[in-house]
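Listed here are the chains, written in short residue letters.
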Amino acid sequence: MYGLLLRSIQAYLRATFGAAVWGRVLRAAGQSPDGFEPMLPYDADAFQRVLAACSAELDRPVETMLEDVGTFLVADPGNQGLRRLLRFGGATFADFLHSLEELPDRARLALPDLELPQIGLTESAPGLFQLSCGCSFPALFPVALGVLRAMADDYGALVLIDPVPAALANACGNGLSVQLLETAHGSGNRFDLSKGEVPYGW
Amino acid sequence: MDGDPICRQLSGMDAVLGCLMPMHLVLDAAGRVLSQGPTLGRVFADRPLAGCSFFDLFEVRNPRGLVGPADLAAAAGQKVRLVARAGDAALRLRGLLVPMPQIGEGVVAGWIVNLSFGIDLPRAVALLQLTDADFAPTDLAMELLYLAEANVVVTGELGALALRLEDARRQAREEAESDTLTGLRNRRACDSMLARLCREGAAFGLMHMDLDYFKAVNDTFGHAAGDHVLVHVAGVMKAASRAGDCLARVGGDEFVMLLPEMTDPLGLRGIAERMIAQLKHPIPWQNGECRISASVGFVTVGAEEMPDPARVLAEADAALYAAKNAGRGRVMQADYPTDALKLPLADAG
C-alpha cells in the first residue's frame, strides 16, 4: 500500500510541479533520489516523512495534496489504467458507487496482497449516498475523495461530495455524503470495454 | 442492463428470455430459429435470423454427433461448443441446449440454446464493440474483462520494475568492477575474467605492466599529477587494445591486460613495446612535464591448458620483475618449463 501511494504521489508531483520539486522533496525526506517502486514495500515512517516534505515544499496541507493526488490518478490522460479499471465497476455513476463496496475484493483479484480498507455505502434516499471508509489507512481517505470527484466528472455526473458532520462520521472521523444531482450533466469521458485492439484469434 | 430496451418492456416470452439470456436462441423442432437474444443478434450483425437453420449459423465442434436436426434430442442437456459462421472472426461460443416444455405427450415444441463467449469474450467485446448493457447482470463478463485488464496493468508494472532492477544491478556491477580514476576495470573484474578464461580452457595472453619512475612523478609534482599520468596510461592502453580485451588497474601503478585468443609472443611483444614507446613520451602537466616508462611481463596460455589462474599471474609477475631487473622500459616473456602452468602454484618451487 505504501509503495502504491508513494509512487502515486511521485507521479503527481513530477507531472504537475516537475522533477526538480520532487527531487527536493526526496532530499528533505531523506529518501533515495531514485524515488519509489509501486510493488516494493516501504515503511510508515518513510511515508510520513514524504508527506511532511511535500506539504512543506508545496505549502499546502497534506489532505489537500492527497486529494489532488486522487484526482490526478483518475484524470491524468497519460495513465488511464486506474480510470479504466474503476469504470468496469458500473455503467453509470450510481452503479459505480454501488460497486465501491466490492472495491477491496476487486483490488485483491489484481494484487492478492493488497489490503484496502472496507468501504461501506448506504443509499438513504434516492440519489443520496453515505460512504464510509475503514480506518486501517487514514491517508487513503483524502485520496479516495479526489478519486471520487474525478470519477464523477469522468461519468459526466453532477454530484455534491461533502464530508459528513463529525457526529455522523465513523471512528476515525471519516465519512462522505454524496448527492447525485444529475446522472448525465456533462458529456463525461467515453469508456469502451475494449481498448480497441482485437486480441489474437485462434 | 440500463441501456437495453428489451429489459424495459417485458411483454411477451421473447422479451423475457432476451432480458434474462441476451445470448439465447429459440429453435423450432426442426432446428430453425424462432427468436434470439439481442447480444447473439450482434454476433450476426443484427441480420434477421428467423427461419435460419441452427446448423447454417454455427459450426458444431462438440458434441461430434450433432450434425443435423435429428441429433438435437441426443445433445439436450449437454455442453455444446460452437463457432459462429459470421464474418472472418470465427467467434467461439459455448453453451447448453435444452428442450422446451412439451406441448403434448412425446411432442417436442422446440429447443432453447443459451450461449456465452467463454474465453473469446475479450475478442467479442473488441470486434462487436459490446457494452455493459449487452450482458446480463448475472454474467461474470465484466469481472473477467476487469481482471484481464488489471492483469495487464500489474504485469506491466512488474515488467518495468524488473527492467529497472536489472539496470540498477548492471550499474552496481559496473561500479563494483571499475577503477573510478581511470575508467579501466579493477582487480576484481580482472580476476573474474582470468578465472573464467582458465576454467573454459580458452587461449589468451596476459600482460602485467608496472610503471617506471612513477614514484618520482608523485614526489615531484604531487598526487594530482600522478592521477593525471594514470589516466594518460589508461588512454594508451585503450588505444593499443581490442574491444574484447580486459584492461585493469590492479594496484597503484600496476596494470593487467587480458587478451583473449592472443597467444602469439611476437604480437604481444609488439603491443607492449608500442605502449612503452608511447609512455616514454613526456606527459605535459601544468608548467612541467612528467616522464615515465613501463616494464611489461607477459605470458601466453594455449587452448585447453586450463591453468591455475594464480599460477598465470605469478609467471607474468616473475617476467615483469625480470624486465625491471634488466633495466626497465623492457618487455619479457614468462620463461617456465613446459606444462609448468598446469601445476598448482604451491608446487612450483
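Above this note sits the structure.
Q: Looking at this structure, how should I read a nonpolar patch on the surface?
A: Residue and element names in this part refer to chain B. Residues Leu10, Met13, Val16 and Leu20 make up a contiguous nonpolar surface patch of roughly 390 Å² in combined accessible area. One can find leucine 10 in the segment before α1 (13-20). Classification of leucine 10 as partly exposed rests on a relative accessible area of 47%.

Q: Looking at this structure, I do not really get the nonpolar core. What am I missing?
A: Burial of nonpolar side chains together is a common tendency in soluble globular proteins. Counting 54 residues, the largest nonpolar core has Ile9(A), Leu13(A), Met65(A) and Phe93(A) as the members making the most contacts within it. Take this core: its biggest share by element is 10 residues, from helix α8 (residues 140-155) of chain A. Residue contributions to this core reach at least three from each of two domains, namely domain 1 (2-60) and domain 2 (81-182) of chain A. One finds Met23(B), Val60(B), Ala84(B) and Leu91(B) within the second-largest nonpolar core, a separate group that totals 42 residues.

Q: Is there a simple way to explain the sheet that holds strand β4 (residues 79-84) of chain B in this structure?
A: The pairing of strands in a sheet comes from backbone hydrogen bonds and takes either a parallel or an antiparallel form. All names here are of chain B. A sheet is described by the order of its strands in space; here 6 strands give the open sequence β2-β1-β6-β5-β4-β3, paired in antiparallel fashion. In the strand order of this sheet, the two ends are held by β2 (33-36) and β3 (58-62), each with one partner. Each adjacent strand pair in this sheet contributes to an overall mean axis angle of 30°, direction not counted. Taken together, the 6 bridges between strand β5 (residues 92-99) and strand β6 (residues 110-116) define a ladder with antiparallel strand orientation. Opposite proline 99, over in β6, you have tryptophan 111 as the bridge partner.

Q: Is there a simple way to explain the side chain of Ser177(A) in this structure?
A: Considering the arrangement of structural elements, one finds Ser177(A) in strand β4 (residues 176-182). The residues contacting Ser177(A), other than those within four sequence positions of it, are Phe129(A), Gln130(A), Leu160(A), Ile161(A), Asp162(A) and Val164(A).

Q: Honestly, the interface of chain B and chain A in this entry has me stumped. Any pointers?
A: Between chain B and chain A, the contact holds 27 residues from the first and 26 residues from the second. Interface area, chain B with chain A, both sides summed: about 2400 Å², of which 71% is carbon and sulfur. Considering only the surface of chain B that becomes buried against chain A, Arg123(B), Tyr146(B) and Glu149(B) emerge as the three largest contributors, covering 29% of it. Taken together, the connections running from chain B to chain A amount to 3 salt bridges. Residue Glu149(B) pairs with Arg84(A) through a salt bridge whose shortest N-O separation is 2.4 Å. Run the count over chain B and chain A and you get 3 residue pairs in polar contact (both at pLDDT 80 or more). Elements represented by at least two residues in the side of chain B that touches chain A include exactly α5 (121-128) and α6 (141-176) of chain B. If one sorts the elements of the side of chain B that touches chain A by residue count, α6(B) sits on top with 13 residues. Here the residues of the side of chain B that touches chain A are counted per class, giving 17 nonpolar, 1 polar and 9 charged.

Q: How should I be thinking about the packing of aromatic side chains in this particular structure?
A: We describe a pair of aromatic rings using the distance from one ring centre to the other and the angle between the two ring planes. Scanning the model with the defined rule gives 14 aromatic pairs over all chains in all. Each ring, one from Phe36(A) and one from Tyr42(A), has its centre 5.0 Å from the other, and the planes form 85°; the classification is edge-to-face. Given a relative accessible area of 23%, Tyr42(A) falls into the partly exposed group. With a centroid separation of 5.6 Å and an interplanar angle of 40°, the aromatic rings of Phe96(A) and Tyr155(A) are classed as tilted. On the criterion of sequence distance, the pair formed by Phe96(A) in helix α6 (residues 93-99) and Tyr155(A) in helix α8 is long-range, its members being 59 residues apart. Stacked on the ring of Tyr146(B), the Lys or Arg Arg106(A) has its end atom at 5.1 Å from the ring centre.

About the thresholds
- Residues numbered from 1 in each chain as written.
- Chains lettered and ligands numbered in written order.
- Predicted model: local features only at pLDDT ≥ 70, side-chain atom pairs only at ≥ 80, totals over all residues.
- Heavy atoms only, no water.
- Patch = residues over 30% accessible without salt bridge, like charges linked within 9 Å, V, L, I, M, F, W, Y side chains within 5 Å.
- Areas by Shrake-Rupley, 256 points an atom, 1.4 Å probe, with all protein chains shown as cover.
- Salt bridge = Lys/Arg side-chain N within 4 Å of Asp/Glu carboxyl O.
- Helix = DSSP H or I, 4+ residues; strand = E, 2+ residues; numbered from the N terminus.
- Buried < 20%, exposed > 50% of the residue type's maximum accessible area, 1.4 Å probe, protein only.
- Core = buried A, V, L, I, M, F, W, Y, C linked by side-chain atoms within 4.5 Å.
- Domains from an automatic or database assignment.
- Pairing = 2+ DSSP bridges.
- Axes fitted to C-alpha atoms, helices over the stretch in contact; angles between N-to-C directions.
- Contact = heavy atoms within 4.5 Å.
- Buried area = accessible area lost by both parts, 1.4 Å probe.
- Polar contact = N/O pair within 3.5 Å; in protein donor to acceptor, adjacent residues only side chain to side chain.
- Nonpolar A, V, L, I, M, F, W, Y, C, P; charged D, E, K, R; others polar.
- Phe/Tyr/Trp six-rings, centres within 6.5 Å; stacked < 30°, edge-to-face > 60°.
- Lys NZ or Arg CZ within 6 Å of the ring centre and 35° of its normal.

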